[in-house]
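Residue strings, one per chain:
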Amino acid sequence: MKNRRALFLSVVLLTLALMAVLFATACGEEEPATTTAAPTTAPPTTAAPTTAPPTTGAPTTAPPTTGGAVEYGEDLVIGAINSITGVNALTGGEQKWAQEKAVEDINAKGGIKLADGKMHKVALKFADDKSSDTEAAAAMEKLIKSEGIKIILSSNTTPYNQAAATVAEQYQAYFHICTSWTDEGFIGGMGLKWSTDIFESAADSGLVAMGAAKQLGEGNIPTKWAVMYENNPDGIGWGDGQKALITKEGWEIVSDEKFVEGNKDFSSMILKYKEAGAEAVDVLISPADGITFVRQMKEQNWSPKYMFGFKGFWPVEFYKGLGADADYIGHDSFWTETYPYPYAKELGQAFRDTHNGDASVTIGLPYAAAQILFMAIERAGVFEPGPVRDQVFNGSFPGTVMGDVKYNEKGIADIPFLSQQWLNGEHRLVWPEEFAVGPTLPFVPWDQR
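Residues numbered from 1 in each chain as written. Predicted model: local features only at pLDDT ≥ 70, side-chain atom pairs only at ≥ 80, totals over all residues. Heavy atoms only, no water.

**Student:** Just checking my understanding: could you explain the nonpolar core for this structure?
**Tutor:** Note on soluble globular proteins: their nonpolar side chains tend to be buried together. Ranked by internal contacts, the top residues of the largest apolar core, which has 75 residues, are Ile 198, Tyr 306 and Phe 374. By size, the runner-up hydrophobic cluster in this structure holds 26 residues, among which are Ala 278, Phe 293, Val 294 and Trp 422. (Core = buried A, V, L, I, M, F, W, Y, C linked by side-chain atoms within 4.5 Å. Buried < 20%, exposed > 50% of the residue type's maximum accessible area, 1.4 Å probe, protein only.)

**Student:** Looking at this structure, how should I read the sheet that holds strand S12 (residues 252–259)?
**Tutor:** Think of a sheet as strands paired side by side through backbone hydrogen bonds, with each pair either parallel or antiparallel. In spatial order, the strands read S12-S11-S13-S14-S15-S19-S20; together these seven strands make up an open sheet with mixed pairing. Here the strands that pair on one side only, and so sit at the sheet edges, are S12 and strand S20 (426–431). Between one strand axis and the next, the sheet turns by 25° as a mean value, whatever way the strands run. As paired strands, strand S19 (residues 418–423) and S20 are joined by five bridges and run antiparallel to one another. From the neighbouring strand, Gln 421 faces S20, where its bridge partner is Arg 428. Of the strands in this sheet, strand S11 (224–230), S12, strand S13 (280–285) and strand S14 (306–311) touch helix H7 (residues 233–248), which is tilted by about 165° from S11. (Pairing = 2+ DSSP bridges. Helix = DSSP H or I, 4+ residues; strand = E, 2+ residues; numbered from the N terminus. Axes fitted to C-alpha atoms, helices over the stretch in contact; angles between N-to-C directions. Contact = heavy atoms within 4.5 Å.)

**Student:** Can you help me understand helix H8 (residues 267–276) in this one?
**Tutor:** For the α-helix, the turn length of 3.6 residues means that residues three or four positions removed from each other point alike. Buried residues of H8: Met 269, Ile 270 and Tyr 273, and no others. In an axial view of H8, the angular spread of the buried residues amounts to 100°, which keeps them on one side of the axis. Phi turns positive, to about 70°, at Gly 277, one or two residues after H8. (Arc of directions from axis to C-beta.)

**Student:** I would appreciate a short explanation of empty space enclosed by the protein in the present structure.
**Tutor:** Rolled over the atoms, a probe with the dimensions of a water molecule shows which regions are left empty. Enumeration according to the criterion identifies one cavity of 30 Å³ or more in this entry. Empty space within the largest cavity amounts to approximately 220 Å³. Looking at the largest cavity, it is lined by 19 residues, and the ones nearest its centre are Asn 156, Thr 179, Phe 199, Lys 311 and Phe 334. When contributions to the lining of the largest cavity are tallied by element, the ones reaching two or more residues are helix H2 (89–108) and S14. Among the elements that make up the lining of the largest cavity, the one with the highest residue count is H2 (three residues). Residue composition of the lining of the largest cavity, by class: eight nonpolar, seven polar and four charged. (1 Å grid on protein atoms, 1.4 Å probe; cavity = no way out; pocket = protein on both sides within 12 Å on 5 of 7 lines; lining within 4 Å. Points joined across faces, edges and corners; volume = space filled by probe spheres on them. Nonpolar A, V, L, I, M, F, W, Y, C, P; charged D, E, K, R; others polar.)

The analysis is restricted to geometry; functional conclusions fall outside its scope.
Shown next as structure tokens:
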């Protein structure tokens with residue numbers, strides 16, 4: 001009897017101790033970062049290149065073997081800040097897909113070879129910036145301090161990346177940025193020592209809107225423009241660049257409007273455009289706000305000759321949200337699967353295969369940024385922020401899905417934008433002419449569709 005009581009008492013005490021540990025752990029646990037783990041075995045390579053050329057970020061030498069088997073070291077965990085939630089989640093979703101695809105492809109080829117002679121698979125750990133610059137800074141700090149990660153891929157919006165880059169400088173973590181304005185007023189002027197950036201300048205971004213407008217032909221080119229943008233540093237810098245280019249063309253700016261991100265009512269702005277006789281509207285806006293804006297344009301039956309949107313008009317969800325009402329709306333893009341660069345066509349098809357046939361005009365840039373990072377890690381030979389960063393500053397990276405990429409002494413790589421136009425649910429490349437499938441089509445009035 002005594003033995004039974006002792007055994008019973010021991011079980012009770014052990015159970016209580018375990019419950020106490022679990023309770024304490026649950027109470028003290030932070031919100032976890034999302035991890036895309038490296039597979040323990042190489043995944044199927046049907047969507048990846050059938051060969052492993054070094055220009056796609058694959059190892060430049062054959063994987064080391066020990067007794068006929070590949071020798072692997074521990075995984076290389078790279079951080080990634082992304083707009084998983086918030087107003088920019090739609091644009092963040094395409095970037096996240098591209099980053100995960102790049103990891104899948106490099107791992108399918110064996111991973112990255114370091115100076116230790118071993119192959120290392122890659123894993124991503126995501127932190128949500130919640131479409132906010134303050135949250136982006138917090139996400140960077142969390143990845144560095146809580147997760148111990150000091151090589152990090154970027155979000156897709158300039159203010160978020162600027163805030164995160166400031167934190168990276170404090171901790172000497174390498175922040176590998178794409179899709180942030182490269183001008184002096186933005187990433188290019190921050191004097192960053194631990195961040196690099198691949199994108200276009202805000203000052204030159206409007207060239208795609210102007211170039212596409214000129215294709216409308218004599219007598220149809222809009223000369224009275226309305227410019228509309230988010231009231232934040234990103235939007236204001238973009239707006240200044242657009243207005244300078246419009247004025248340089250000799251066209252008139254009849255309306256210049258700022259708005260707060262997340263706005264639900266654009267009716268007063270639309271009324272101003274109608275009263276001012278605006279023939280074209282040029283806008284920087286998030287996808288959710290862009291859908292609202294276009295719907296309210298239709299409700300007020302306002303039809304400009306030409307409409308062009310940056311940031312929010314290119315995601316496939318923009319078209320799905322509007323359907324045929326998105327037709328004839330122009331938008332910027334950073335990439336096309338018809339580029340004559342290695343793996344561009346295959347990457348575009350891989351996206352279509354996982355998105356019900358829908359295409360992307362942006363995934364090539366974050367995919368190329370990941371390719372460049374993988375090549376820089378391999379060249380450095382070690383998975384450490386300083387040596388990897390040093391490979392990117394002034395570095396040349398040939399054969400990416402964005403073509404040959406060269407960074408300058410500030411760690412900046414400028415890439416050209418493209419101009420697309422929605423038509424029947426497809427992106428239609430209209431400028432520059434060397435890549436175009438046809439000229440820009442005029443905006444068809446709502447009551448004539």
